[in-house]
Amino acid sequence: MWESERTPGDGTPAVQTRRLLLHSSTGAVSRCRDFTARALADWGWIPAESALARERVEDVLLLVSEVVTNACLHGGGPEEFVLRHADGLLRVEVADRSPDHPRRLAPRSPSLPGGHGMMVLDRLASDWGSSDRGPGAVGKVVWLEVSRPSRPPWRRRGDRP
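Residues numbered from 1 in each chain as written. Predicted model: local features only at pLDDT ≥ 70, side-chain atom pairs only at ≥ 80, totals over all residues. Heavy atoms only, no water.

### Some details on the packing of aromatic side chains
And then number 1: Counting across every chain of the model gives one aromatic pair.
And then number 2: Consider the rings of F35 and F81, whose centres lie 6.1 Å apart with planes at 75°: the pair is edge-to-face. Taken as a pair, F35 in helix α1 (residues 28–42) and F81 in strand β3 (residues 78–86) lie far apart in primary sequence, 46 residues in all. The burial state of F35 is the same as that of F81; both residues are buried. (Phe/Tyr/Trp six-rings, centres within 6.5 Å; stacked < 30°, edge-to-face > 60°. Helix = DSSP H or I, 4+ residues; strand = E, 2+ residues; numbered from the N terminus. Buried < 20%, exposed > 50% of the residue type's maximum accessible area, 1.4 Å probe, protein only.)

### Brief notes about the side chain of H85
And then number 1: Mapped onto the secondary structure, H85 falls in strand β3.
And then number 2: One polar contact links H85 to W45, side chain to side chain, over a distance of 2.9 Å.
And then number 3: Discounting residues that sit within four places of it in the chain, H85 has contacts with A14, V15, Q16, W43, W45 and L90. (Polar contact = N/O pair within 3.5 Å; in protein donor to acceptor, adjacent residues only side chain to side chain. Contact = heavy atoms within 4.5 Å.)

### Things to note about the pattern of salt bridges
And then number 1: As enumerated under the stated definition, the model contains nine salt bridges in all.
And then number 2: Measuring nitrogen to oxygen at the nearest pair gives 2.8 Å for the salt bridge that ties R97 to E79. Separated by 18 residues along the polypeptide, R97 in the loop between β4 (89–96) and α3 (117–124) and E79 in strand β3 bring together distant segments of the chain.
And then number 3: Residue classification places R97 among the partly exposed residues on the basis of a relative accessible area of 37%.
And then number 4: Judged by its relative accessible area of 23%, E79 falls in the partly exposed class.
And then number 5: Here R84 makes a salt bridge to E93, at a shortest N to O gap of 3.1 Å.
And then number 6: A residue is classified by how much of its surface remains accessible, and E93, at 12% relative accessible area, is buried.
And then number 7: By sharing partners, the salt bridges in this structure join R84, R91, E93 and E145 into a single network. (Salt bridge = Lys/Arg side-chain N within 4 Å of Asp/Glu carboxyl O.)

### A short note on the nonpolar core
And then number 1: If you look at the biggest cluster of nonpolar residues, it comprises 28 residues, and the most contacted ones within it are V67, V68, F81, L83, L90, V92 and L144.
And then number 2: Among the secondary structure elements, those contributing two or more residues to this core are α1, α2 (51–74), β3, β4 and β6 (140–147).
And then number 3: At eight residues, the largest contribution of residues to this core is made by α2.
And then number 4: Beyond its immediate chain neighbours, meaning those up to four positions away, L90 contacts L40, W43, W45, V60, L83, R84, H85, L144, E145 and V146. (Core = buried A, V, L, I, M, F, W, Y, C linked by side-chain atoms within 4.5 Å.)

### Some remarks on the confidence of the model for the protein chain
And then number 1: Scored by pLDDT, the protein chain has a mean of 84; 76% of the residues are at 70 or more.
And then number 2: Taken as a whole, residues 154–161 scores under 50 in pLDDT and shows one contact with residues more than four places along the chain or in a different chain. (pLDDT = per-residue confidence, 0-100.)

### A look at the pairing of strand β2 (residues 15–21)
And then number 1: Across the seven residues that make up β2, a large majority, five, are buried.
And then number 2: Sheet topology note: the β2/β3 ladder contains six bridges and is antiparallel. Paired with L21 across the bridge in β3 is E80. (Pairing = 2+ DSSP bridges.)

As structure tokens, then:
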């Protein structure tokens, strides 16, 4: 399901919002990755116009895998997956049942399996965090933001076509 939210009359760009309700952890990671890839294609991120843009799309899909996997393993299972896109900024949100917010652990050796999710978020996302779901709701929302690389200009001022 997707919806478009517009802020009427104030000149800010429309926010495109897509929501995916998740009823179990089974297949949630692949469903969210596929859902994200379709949205990115609709929003013009795919096909990517440069190597940097292709890398950014892969980063987004890796980040989606990471936060949804964490909700499956540590959050009691994801309940809702939300994508918000406006003016080249993508916000990914995963709501789960656990009230426990992510916390950084002591650094581990990169050669050891597991425990590297926060490092991936720190390196690839522009920003990330978590918040309570709100009054009357149990759990939290883990969110991250990624900006789209700037498109190169097709030609500079003064260049002849």
